[in-house]
Amino acid sequence: MEIPFAKIRVQNTSYGTVANALGKYIMELKRGTYILQFDAPGYETKIDTVEISETNTFHDVILKPTILEIDEVSITAQSKKAKGKELMKQVIEKRPYFYDLVP
């Protein structure tokens, strides 16, 4: 399965690229051995060593999905009316303070 927009970078450098919408990427590297880091939201980071020769090198990577479980989610909403009531309660509680300021 392709992972669109996964990040690929040479480890310990700022050089990298991002996969396209089909999960394909191109990196131009000189001959040598590189440690590549592959990241994507919802997947475990993978680190691979790649040896680049004089010919084109193809490197496919499989990232494992991370599994997050949430026990319980509580969603609460407060209407504008409820916010207004809360504000009025605060004003009423401070009324004695304002009485002292008015002659």
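Residues numbered from 1 in each chain as written. Predicted model: local features only at pLDDT ≥ 70, side-chain atom pairs only at ≥ 80, totals over all residues. Heavy atoms only, no water.

### Some points on the overall build of the protein chain
Right, on to step 1. Within the protein chain, the secondary structure is distributed over two helices and four strands.
Right, on to step 2. The order of α-helices and β-strands along the protein chain, N terminus first, is β-β-β-β-α-α.
Right, on to step 3. Against the globule reference of 13 Å for 103 residues, the protein chain gives a C-alpha radius of gyration of 28 Å, more extended than a compact globule.
Right, on to step 4. The principal-axis extent of the C-alpha atoms belonging to the protein chain is close to 90 × 35 × 20 Å.
Right, on to step 5. When each of the 103 residues of the protein chain is scored for burial, the buried share is 16%.
Right, on to step 6. Of the contacts made within the protein chain by residues no fewer than 6 positions apart, 21% connect residues no fewer than 24 positions apart. (Helix = DSSP H or I, 4+ residues; strand = E, 2+ residues; numbered from the N terminus. Rg over C-alpha atoms; globule rule 2.2 N^0.38 Å. Buried < 20%, exposed > 50% of the residue type's maximum accessible area, 1.4 Å probe, protein only. Contact = heavy atoms within 4.5 Å.)

### Digging into the side chain of Gln37
Right, on to step 1. Mapped onto the elements of the fold, Gln37 is located in strand 3 (residues 32–39).
Right, on to step 2. Gln37 gets classed as buried once you look at its relative accessible area, which sits at 12%.
Right, on to step 3. When neighbours within four sequence positions are excluded, Gln37 is seen to be in contact with Lys7, Ile8, Arg9, Gln11, Thr45, Lys46 and Ile47.

### Re the pairing of strand 4 (residues 46–52)
Right, on to step 1. Pairing between strand 3 and strand 4: seven bridges, direction antiparallel. What sits directly across from Tyr34, in strand 4, is Val50.
Right, on to step 2. Following strand 3, the chain reverses through six residues before pairing antiparallel with strand 4; Gly42 in that reversal takes a positive phi of roughly 85°. (Pairing = 2+ DSSP bridges.)

### A closer look at the environment of Ala21
Right, on to step 1. Its location among the elements puts Ala21 in the loop between strand 2 (16–18) and strand 3.
Right, on to step 2. With 16 residues separating them along the chain, Ala21 and Phe5 place their C-alpha atoms 6.0 Å apart.
Right, on to step 3. Setting aside anything within four residues of it in sequence, one finds Ala21 in contact with Pro4 and Phe5.

### Overview of the sheet that holds strand 1 (residues 7–10)
Right, on to step 1. Read from one edge to the other, the open sheet built from four strands follows the order 2-1-3-4, with strand pairing classed as antiparallel. A single partner strand is all that each edge strand has here, and the edge strands are strand 2 and strand 4. Taking the axes of each pair of neighbouring strands and ignoring which way they run, one obtains an average angle of 25° across the sheet.
Right, on to step 2. Here strand 1 pairs with strand 3 via four bridges, running antiparallel. By the bridge assignment for strand 3, Val10 is matched with Leu36. (Axes fitted to C-alpha atoms, helices over the stretch in contact; angles between N-to-C directions.)

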